[in-house]
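Coordinates in review
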Amino acid sequence: MNQFNILVIGGGGREHALAWALAKSPLARRIWIIPGNAGTNWDGAPGRAPCESVRAPAEGHQAIIHFAQGHAVDLVLIGPEQPLAEGLSDALRKAGFRVFGPSQAAAQVESSKAFAKDFMRRHHIPTAPFEVFTEVEPAEAFIQRLNRPCVVKADGLAAGKGVYVCDSPVEAEAAVRAMLSEKVFGEAGQRVIIEERLSGREVSVLAFSDGTRVALMPPARDHKRALDGDQGLNTGGMGAFTPVPDFTLEQLEWTLHKVIQPAIDGLRMEGTPFVGVLYAGLMLTSEGIRVLEFNCRFGDPETQVILPLLDSDLIEVCLACAEGRLDPAQVRWRGEACAAVVVASGGYPEKYPTGLVITGLEDHTTHEAFVFQAGTELKSGQTFTAGGRVLAVSGRAHSLSEALERAYRRLETIHFEGMHYRRDIGRSTRLEEESAYARAGVNIDSGNRAVKLMASAVKATYTPAVLAGIGAFGGLFSGAALKGMNDPVLVASTDGVGTKTKVAARLNQWDSIGRDLVNHCLNDILVQGALPLFFLDYVASAALDPEQIAQIVGGVAAACQRAGCALLGGETAEMPGVYEPGAVDIVGTIVGVVERSTIIDGRRIQPGDAVIGMFSSGLHTNGYSLARRALEGLDWEQPHPSLLGQTVGAALLAVHRSYLPQVKALLAAGIDVRGLAHITGGGLIENPPRIFPSGVGMRIQRDSWEVPPLFRLIQKQGKVADREMYRVFNMGIGMIAVVPTVQSSQALAVLGSEGVRIGEMIMGAGEVHLE
């Protein structure tokens, strides 16, 4: 068996964990670590290769190359980002060494945040909207336009301190001045990135790569804040754990195909193949997964929880990456949990003492608990503190709660003056307390709470005809209400609100979506002359938010009550893996009734009839994919001059209008309504022909009404052609009624300011002519 001499670059807990994992390999002959720490020195033993910390040679790549040459090193692993950003891997490769770590060019995904954000934009990797600035005034002007919480980042490496999470424009402007004017980060802050502040829970996904293929590691979550309850200052990380209960296998698969692999493919296509570990810091937002950052190396303390679960030979994996032959199927993991608790010096992350004696480090790999040292040094056989983050204690077990117990139990035996650690690492996950169904991503309690919250609103819609509703297996509705009819015909329709839910998610406003759903379905049966009897709804998401569901169903109930329609029942479905995190889908079914003799089906429409348009309240529930794309670059939460002071978000969320009052008024006035067309998907071009009899067409005069500002803004921003606008959107007309010309004036009088004559029926082949 060939054995290899390994050189590890770095001196933190990450590098200790790397050396520990490498030493277990039968392929390891000897390991050196530059500069290492007090924990990275041990003699060889059966099943463990020897490891030696080496004082850093003279600065510069050449000194490390000379060391590697003098010690017959076969493989070099570079841990920290700084030497990667400085091109150490390039220098070593040029000297003929196999290296696990990306080139200087590929490492820009971490060393330059501007590069990383532009790269994500080029390769359609989801991330927060951003802009890059080199001067204070344009940056401050952008902040004022943004006028919302944002994040200001130094472009270069700033020892983990170059990120300001800002709650207000004042804070953001101060951060910009600190970087660009006061030069607090030197060259690293010569450019700043200002991006929209995302909210949600964070997850770290790391992957081995040989420049083409990738092998995912178990996702992890770290704790950045110094104090319990996520309080205090940001740090390099106070602990981590894996698995992450609220990050499903389906989400991990999505991350592989939408984030990790596109990044590896993009770097290769741009001539900078990435060899090593790509780290994606993710945010699980209400609109889906977004990339916060890329790192070009193992994370710290994530490495201390990931490597204890590696069931494959780390040297084999690193060699395969370095030689361009990685086989993802050969990278195997233990099906267990691991948690790490970081122990820091008192005062960290601010001023802290060093040189304090540490006790209790002996036998540090027993009982599935491992001590990985970081800020330590060895003097006269004793270990002393030498940094802010001093060490991490990792526990491994079959469950996260047991892993945490092992880590904390081992930690109790370690002591140095003023030592500080968080006592709540991983506690919020309560993995052990969750049911197996919850571990699969489904929370039964959330569904039950949602039903409880919506119950009163649903019951407010009930009439005596409702015999069984919410909570029953099936709704019961009495047919006695139909006894007074001669020949009742039931009319049913099922529909949804499309990607309008994306707008609601972006603005976190859900109270109107339920009303949209009911009114859309109601209009679809209204066009045949039917009046509503009862409604059923269906709400689905990756993870149920009871309050959110209650808002949606509350809107459904309000619209039903206004229409005199019973909300008979519905369904809430939690389907992790089917829907992206934060995505919501809603569908409704309505059942109404009409006398056979009064059905409106368009058969009596004839050339010469008048076409009456009833004004819409906005986009209603169609065309949102195009609208969102066209308006993406605008601030949706600030009043827009083109919208007469209304915000883009409010205009997009305007409630779909119900035309029940208008149609009932027309029929009550004796108007011979020969046809009704609900203008939904397909706009004014494709919807009206659905009611035309043979040999008839429609002429619409576009100048007969004023197109609302929102549609003009969408057309301008999206550069959309006229015909496409009329084919996608309602353009301000949500319902069309066809009446005899002799009754057109009477019909307009009934509708008042809510209607206008927009055209007439003509001889034709079932098409709409826009003039």
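Residues numbered from 1 in each chain as written. Predicted model: local features only at pLDDT ≥ 70, side-chain atom pairs only at ≥ 80, totals over all residues. Heavy atoms only, no water.

Here we look at the overall build of the protein
As a reminder of what qualifies: Helix and strand definitions here come from DSSP, where helices need a minimum of 4 consecutive H or I residues and strands a minimum of 2 consecutive E residues; each element is numbered from the N-terminal end. Residue exposure (1.4 Å probe, protein chains only): buried if accessible area is under 20% of the type maximum, exposed if over 50%, otherwise partly exposed. Pairs of residues are marked as contacts when any of their non-hydrogen atoms sit within 4.5 Å. The method behind every accessible area is Shrake-Rupley, applied with a 1.4 Å probe, and residues are considered shielded solely by the protein chains displayed.
Broken down by element type, the protein carries 24 helices and 34 strands. Referenced to the eigenvectors of the C-alpha coordinate spread, the extents of the protein come out at roughly 105 × 55 × 50 Å. Of all 771 residues assigned to the protein, the portion counted as buried reaches 57%. Contacts spanning at least 24 positions in sequence make up 74% of the contacts within the protein whose residues lie at least 6 apart. Counting every atom, the protein has about 32000 Å² of accessible surface; 50% of that belongs to carbon and sulfur.

Considerations on the nonpolar core
Put simply, the rule reads: We define a nonpolar core as any set of buried Ala, Val, Leu, Ile, Met, Phe, Trp, Tyr and Cys residues linked to one another through side-chain atoms lying within 4.5 Å.
Judged by nonpolar contacts, the single largest core of 92 residues is most densely connected at F535, L652, W705 and I736. Considering every element that reaches this core, the biggest residue donor is helix α17 (residues 546-563), with 8 residues. Residues contacting L652, with those up to four places away along its chain left out, are K500, V503, L619, Y624, A627, L631, W636 and L710. Among the nonpolar cores identified, the runner-up in size contains 50 residues, and F115, V203, A263 and L284 belong to it.

Digging into the environment of D672
Selection rule: Any pair of nitrogen or oxygen atoms within 3.5 Å is treated as a polar contact; in protein, a donor-acceptor pairing is required on top of that, and neighbouring residues in sequence qualify only through side-chain atoms on both sides.
Within the secondary structure, D672 is located in the loop between α20 (660-668) and β30 (675-678). When near neighbours in sequence (up to four residues on either side) are disregarded, D672 contacts R604, V738, V739, P740 and Q743. There is a polar contact of 2.7 Å between the side chain of D672 and the side chain of R604. A polar side-chain atom of D672 sits 3.0 Å from a polar atom in the side chain of R674.

Observations regarding the pairing of strand β1 (residues 4-10)
For clarity, the threshold we go by: Strand pairing requires that DSSP identify at least two bridges connecting the strands. Look down the strands so they point away from you; if the path from the first strand over the helix to the second goes clockwise, the crossover is right-handed.
Burial runs high along β1: 7 of the 7 residues are buried. Bridge analysis of β1 against strand β2 (residues 28-35) gives 7 bridges, and the strand direction is parallel. Among the inter-strand pairings, N5 is bridged to a residue of β2, identified as R30. Running through helix α1 (residues 13-23), the crossover from β1 to the neighbouring parallel element β2 is right-handed.

Some details on the environment of V739
Here V739 lies in strand β32 (residues 733-739). V739 gets classed as buried once you look at its relative accessible area, which sits at 1%. Once the C-alpha coordinates of V739 and D609 are considered, the two residues, 130 residues apart in sequence, prove to be 5.7 Å apart. Not counting residues up to four positions away in its chain, the partners in contact with V739 are D609, A610, I612, I671, D672, V673, S744 and A747.

Details of the pattern of salt bridges
Operational definition: Here, a salt bridge means any Lys or Arg side-chain nitrogen found within 4 Å of an Asp or Glu carboxyl oxygen.
For the coordinates displayed, the defined rule picks out 41 salt bridges. Among the salt bridges present, the one from R297 reaches E81, with a minimum N-O distance of 3.4 Å. Within this pair, whereas R297 is found in the loop between β17 (288-295) and α10 (303-306), its partner E81 is found in helix α3 (residues 81-85), the two being separated by 216 residues in sequence. By the burial criterion, R297 is buried, and E81 matches it. A salt bridge links K379 to E377; the shortest N-O distance between them is 3.3 Å. Relative accessible area serves as the criterion here: at 42%, K379 is assigned to the partly exposed category. Each of R148, E196, D635 and E637 takes part in a single network of salt bridges with overlapping partners.

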